[in-house]
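Given next are the chains, with one letter for each unit.
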Amino acid sequence: DQQVKQNSPSLSVQEGRISILNCDYTNSMFDYFLWYKKYPAEGPTFLISISSIKDKNEDGRFTVFLNKSAKHLSLHIVPSQPGDSAVYFCAASPGYSSASKIIFGSGTRLSIRP
Amino acid sequence: EAGVTQSPTHLIKTRGQQATLRCSPISGHTSVYWYQQALGLGLQFLLWYDEGEERNRGNFPPRFSGRQFPNYSSELNVNALELEDSALYLCASSLGGGQRELYSNQPQHFGDGTRLSIL
């Protein structure tokens, strides 16, 4: 049973347009959410996070939206750039209880086309 | 600042053998986490070490084990290797305890992984 789901294994977006990556979760105990970006042959790098007390967090071109009632979060990248082509992992955690409880989604491969 | 380093980059073993993977955390980090990323799956939590002790483990059989050394580096050992153990194994580190790091701007920092192939 996947507690964190990224239902789109891949996404192709034109350069300059908005990329929207989606993530759904099932565990209502999750209260901290993260996005990681992974290039081939490299480890994931932290991108942006949001705690459940917020519904939006913005960092430059990256914005994460959280809809707690729908148990859904999304990552918006605007404008999309070629260097954004990577696999994006959504992750969720019950927060303060234990860092080791972070659950990752299976990832979405984002391709930015010229 | 040096990041999390893992060795070896690639490891090829046969069924039944034993594998040892190594991880050096970022200087000052005392927590080390191990994850498995099998093909098509997300990152699966394996083990968490903090201050030399195993704090938590994921849903993996006992043949997955490890340890953390006094310098906070860590080893992951996989005994009696099976074909399905073929995966990318990622190590991550954070400041001690792990919890505080969750609310900072930079959570766990990952290494580039060891790709373990079982023939």
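Examining the overall build of chain A
- Along its length, chain A carries zero helices and 11 strands.
- Reading the helices (α) and strands (β) of chain A from amino to carboxyl end gives β-β-β-β-β-β-β-β-β-β-β.
- Scaling as 2.2 N^0.38, a compact globule of 114 residues should have a C-alpha radius of gyration of about 13 Å, and chain A matches this with 13 Å.
- Projected onto the principal axes, the alpha-carbon positions of chain A cover approximately 40 × 30 × 20 Å.

Concerning the overall build of chain B
- What chain B contains, in helices and strands, is one helix and 11 strands.
- Listed N to C, the secondary structure of chain B is β-β-β-β-β-β-β-β-β-α-β-β in terms of helices and strands.
- Every one of the 119 residues in chain B was classed for burial, and the buried ones make up 51%.
- Of the contacts made within chain B by residues no fewer than 6 positions apart, 57% connect residues no fewer than 24 positions apart.
- Just so you have it, chain B exposes about 5600 Å², and 48% of that area is on carbon and sulfur atoms.

Examining the sheet that holds strand β8 (residues 74-78) of chain B
Residue and element names in this part refer to chain B.
- Read across the sheet, four strands follow the order β1-β3-β8-β7 without closing on themselves; strand pairing throughout is antiparallel. Strands at the two margins of the open sheet, each flanked by one partner only, are β1 (5-7) and β7 (64-68). Geometrically, the sheet is characterised by an average inter-axis angle of 20 degrees between neighbouring strands, direction not taken into account.
- For β7 and β8, the ladder comprises five bridges, and the chain directions are antiparallel. Bridge assignment links Gly66 to a residue of β8, and that residue is Leu76.

Some points on unusual backbone geometry
- Residue Val78(A) is joined to Pro79(A) through a cis peptide bond whose omega torsion reads -10 degrees.
- Backbone torsion omega between Ser7(B) and Pro8(B) reads -10 degrees, so that peptide bond is classified as cis.
- Assignment of secondary structure puts Pro8(B) in the loop between β1 and β2 (10-13).
- With a phi close to 50 degrees, Lys71(A) is a non-glycine residue in the positive phi region.
- Relative to the helices and strands, Lys71(A) is located in the loop between β7 (62-67) and β8 (72-77).
- You can call Lys71(A) partly exposed: its relative accessible area is 27%.
- The residue Glu51(B) is not glycine, and still its phi comes out positive at about 55 degrees.
- Topologically, Glu51(B) is positioned in the loop between β5 (43-50) and β6 (53-57).
- On the accessibility criterion, Glu51(B) (44% relative accessible area) is partly exposed.

Details of the packing of aromatic side chains
- One pass over the structure, following the stated rule, counts 11 aromatic pairs over all chains.
- For the ring pair Tyr36(A) and Phe46(A), a centre distance of 6.1 Å and an interplane angle of 75 degrees mean the geometry is edge-to-face. Placement of the pair is Tyr36(A) in strand β4 (residues 32-38) and Phe46(A) in strand β5 (residues 45-51), with a sequence separation of 10 residues. The two residues Tyr36(A) and Phe46(A) agree in class, both being buried.
- Both rings, one in Tyr36(A) and one in Phe104(A), keep their centres 5.6 Å apart while their planes meet at 50 degrees; by these two values the pair is tilted. With Tyr36(A) in strand β4 and Phe104(A) in strand β10 (residues 103-104), the pair connects residues that are 68 residues apart, well separated along the chain.
- The exposure class assigned to Phe104(A) is buried, which follows from its relative accessible area of 4%.
- Through pairs of rings, three or more aromatic residues link up here, namely Tyr36(A), Phe46(A), Phe104(A), Tyr35(B), Phe45(B) and Phe110(B).

Conventions used here
- Residues numbered from 1 in each chain as written.
- Chains lettered and ligands numbered in written order.
- Predicted model: local features only at pLDDT ≥ 70, side-chain atom pairs only at ≥ 80, totals over all residues.
- Heavy atoms only, no water.
- Helix = DSSP H or I, 4+ residues; strand = E, 2+ residues; numbered from the N terminus.
- Rg over C-alpha atoms; globule rule 2.2 N^0.38 Å.
- Buried < 20%, exposed > 50% of the residue type's maximum accessible area, 1.4 Å probe, protein only.
- Contact = heavy atoms within 4.5 Å.
- Areas by Shrake-Rupley, 256 points an atom, 1.4 Å probe, with all protein chains shown as cover.
- Pairing = 2+ DSSP bridges.
- Axes fitted to C-alpha atoms, helices over the stretch in contact; angles between N-to-C directions.
- Phe/Tyr/Trp six-rings, centres within 6.5 Å; stacked < 30°, edge-to-face > 60°.

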